[in-house]
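Remarks on the overall topology
Residue strings, one per chain:
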Amino acid sequence: MKPLLRALLATALLFPGAAAAQRIDTMEIRASTFFLSSDLLQGRGTGTPGERVAALYLSSELQRLGLQPQGPDGSYLLPVPLIAAHIDDDATRLVVRRGADSTAFVSGRDFVVNTGGAGAFHDFGGEALLVGSAEGAARALAGAGSLRGKVLVTLGPLGGDARSLIPDWIRRGAAGVVVLIPDPGTLALYIRSRGDTRYYADAAVDDPVWQPDLPVLLAGPAAARALLADAAVPDSVLRGKALATAVPLGRSLDASIRVALRDVPTANVAGLLPGRDPALRDEIVVFTAHYDHLGISTPDARGDSIYNGFSDNAAGDGMLLAIAEAMVRDRPARSVLFLFPTGEERGLLGSTYYAAHPALPLARTIAVINLDAGAPPAPPTEWRFAAGASSSLGETASRITRSHGWKVVLGGASPNSDYWPFLQRGVPSIFIVPGGEWEGVTPAEKARLLARWEHYHEPADEWAPDFPFAGLRRYAELGLELGRAVADAPARPTLSATATP
Ligand SMILES: [Zn+2]
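Along every chain, residues carry numbers that run from 1 in the direction the sequence is written. In view of the model being predicted, local features appear only for residues whose pLDDT reaches at least 70, and side-chain atom pairs are presented and counted only at 80 or more, with totals across whole chains, interfaces and linings using the full set of residues.

1. Digging into the domain arrangement of the protein chain
All the domain ranges listed were derived from an automatic or database domain assignment. Taken domain by domain, the protein chain comprises domain 1 (12–84 + 265–488) and domain 2 (89–257). Centre-to-centre, using C-alpha coordinates, domain 1 lies 33 Å away from domain 2. Contact criterion: two residues are in contact if their C-beta atoms, reconstructed from the backbone, are within 7 Å. Of the residues lining the interface, 21 residues belong to domain 1; the matching set on domain 2 comes to 20 residues. Secondary structure elements with two or more residues in the side of domain 1 that touches domain 2: β2 (77–87) and α11 (349–356). Think of it this way: any DSSP run of H or I at least four residues long counts as a helix, any run of E at least two long counts as a strand, and we number them from the N terminus.

2. What to know about the nonpolar core
By size, the foremost hydrophobic cluster in this structure holds 137 residues, and its most contacted members are Val 153, Leu 217, Ala 219, Met 319 and Ile 432. The element that contributes the greatest number of residues to this core is helix α10 (residues 310–329), accounting for 11 residues. A domain split of this core shows at least three residues from each of domain 1 (12–84 + 265–488) and domain 2 (89–257). As used here, a nonpolar core is made of buried Ala, Val, Leu, Ile, Met, Phe, Trp, Tyr and Cys residues. They are joined through C-beta atoms within 7 Å. Residues with at least 20 neighbouring C-beta atoms inside 10 Å of their own are called buried, those with 12 or fewer are called exposed, and the rest are partly exposed, where every C-beta is derived from the backbone.

3. Quick look at the pairing of strand β4 (residues 101–106)
Look at any regular strand and the pattern is simple: side chains alternate between the two faces of the sheet. By definition, two strands form a pair when at least two bridges between them are found by DSSP. Pairing geometry for strand β3 (residues 93–98) and β4, over six bridges, is antiparallel. Within the sheet, the bridge partner assigned to Arg 98 lies in β4 and is Asp 101. In sequence, β3 turns back onto β4 through a hairpin of two residues, with Gly 99 there showing a positive phi of about 60 degrees.

4. Here we look at the sheet that holds strand β11 (residues 247–256)
Within the open sheet, the eight strands sit side by side as β4-β3-β11-β6-β7-β8-β10-β5. Their pairing is mixed. Looking at which strands have only one partner, the edges of the open sheet turn out to be β4 and β5 (111–113). Strand-to-strand twist across the sheet, computed as the mean angle between neighbouring axes with direction ignored, equals 30 degrees. Bridge count for strand β6 (residues 124–132) against strand β7 (residues 150–155) is five bridges, and the pairing is parallel. From the neighbouring strand, Gly 132 faces β7, where its bridge partner is Thr 154. Only the stretch in contact is used when a helix axis is fitted, and all axes are lines through C-alpha atoms; the angle between N-to-C directions ranges over 0 to 180 degrees.

5. As for helix α15 (residues 470–488)
Any helix carries an expected span of 1.5 Å times its number of residues minus one. For α15, spanning 19 residues, the distance from its first C-alpha to its last is 27 Å, which sits close to the expected 27 Å at 1.5 Å a residue. Burial of α15 is extensive: 16 of the 19 residues sit out of reach of the surface.

6. Topic: the environment of Gly 220
Mapped onto the elements of the fold, Gly 220 is located in the loop between β10 (216–219) and α8 (221–228). Along the chain, Gly 220 and Asn 416 lie 196 residues apart, while their C-alpha atoms are 21 Å from each other.

7. Structural notes on the packing of helix α3 (residues 26–36) against α10
Following both chains from N to C, one finds α3 and α10 inclined at 140 degrees, their axes separated by 8 Å at the closest point. For the element pair α3 / α10, the angle class is oblique. For α3 against α10, the interelement crossing comes out right-handed. Each of Glu 28, Ile 29, Ser 32, Thr 33 and Leu 36 in α3 lies in contact with α10, whose residues at this interface are Phe 310, Ala 314, Ala 315, Asp 317, Gly 318, Met 319, Leu 321, Ala 322 and Glu 325. Any angle between 65 and 115 degrees counts as roughly perpendicular, while under 35 counts as roughly parallel, over 145 as roughly antiparallel, and the rest as oblique. The crossing is said to be left-handed when, going from far helix to near helix, the turn is anticlockwise and less than a right angle, and right-handed when the turn is clockwise.

Next up, the structure:
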């Protein structure tokens, strides 16, 4: 063996990541994110023509890579039937009454109609009952019996707790829910992100988190003041401490919700890479990266109203395509499904629909790896794995990450991206999230990079020729290495005993 060759081989053995690194094509990520976040796709809003062009692009890439279509018509499109509820902000009102006083609040300014299912968009009213934070709500209502004629008021969003709370509240007859968002900036983000239309699946999907059959309003600071002023609520509770018992607020709420419904046929996009091992190829590892974004919405200070979603989630799509390309060249033992869900920004709609109506059985789906956490403008040296504590995928991810000398944080699960509906159905799932420590970047440089490139859910989240793609390359390499490890492992990943799917 020639000395140079021996040296190269030794390098590959010492640094297995270096070999994996060479298999991610940065130009592939650069090119696909360029196309997907173009203004011509108008922000890839769920069910819009721009989103359909994005689906066409992904389909043609999957075709180029030779992946197998999974759609019922032999295409790469898996239909997702949605219904859009367009909110008439002028006719949608929230009124707080206290004795003879009443204050009316404006939809899209003071409060936001939250996402919901078919049973969420109707008028409701009743006595306001404060149940505190989501975590303490079940205990606060334990002795309350029937909730008929009650509007439940929570401090902060329900998050994953909605999974148990909402079905209980519907059973007990609650009229509706008002979630208090006292921070104006947070309310503004909700207004921007939710837009004027809500979407839900036109099918049974069992999703009380994003598609509850109960009306939920997100009320900002003005409505919060009207509801809580002089109420017998301890300060500690307003600061987040759980309530021992629900507190009647001594006022009532009336909400009129006016929507116009229409059908929105859309689709997930998916291609399958069959595994090379006949004994293992019936089992499937799924990579997910949603391809929708927010479409056209509130203009920013520059007058730009196109939410291009470069980092969210054209970046994830580009990484998935680059990972697929690397895996096509060197097929893993198990099969790998590359799934691009629609409607993530509208409440994980595409992934939730897929999990309820999968193209390939969930019993044979051994893992889900989700990429949807922005585009780090430098190579991260720290990684977080959401839901990493929920299954043995977290241990595998930790081992790989530490082998590169990078830091690891294993986190819990929350309904914030497409891995969630799979985890709810018992499929080990993980979400790779770049951490805040970057290689060779001084604090001053980091501040500059963040100011230039960090534009979560803003029209300025755009592709630019000078974006440094080394961070996305490392992100994709880590995804590739984890996916390969799981797809080649002798045994399937297992859920943790503490996981609560
Ligand atoms: Zn996203």
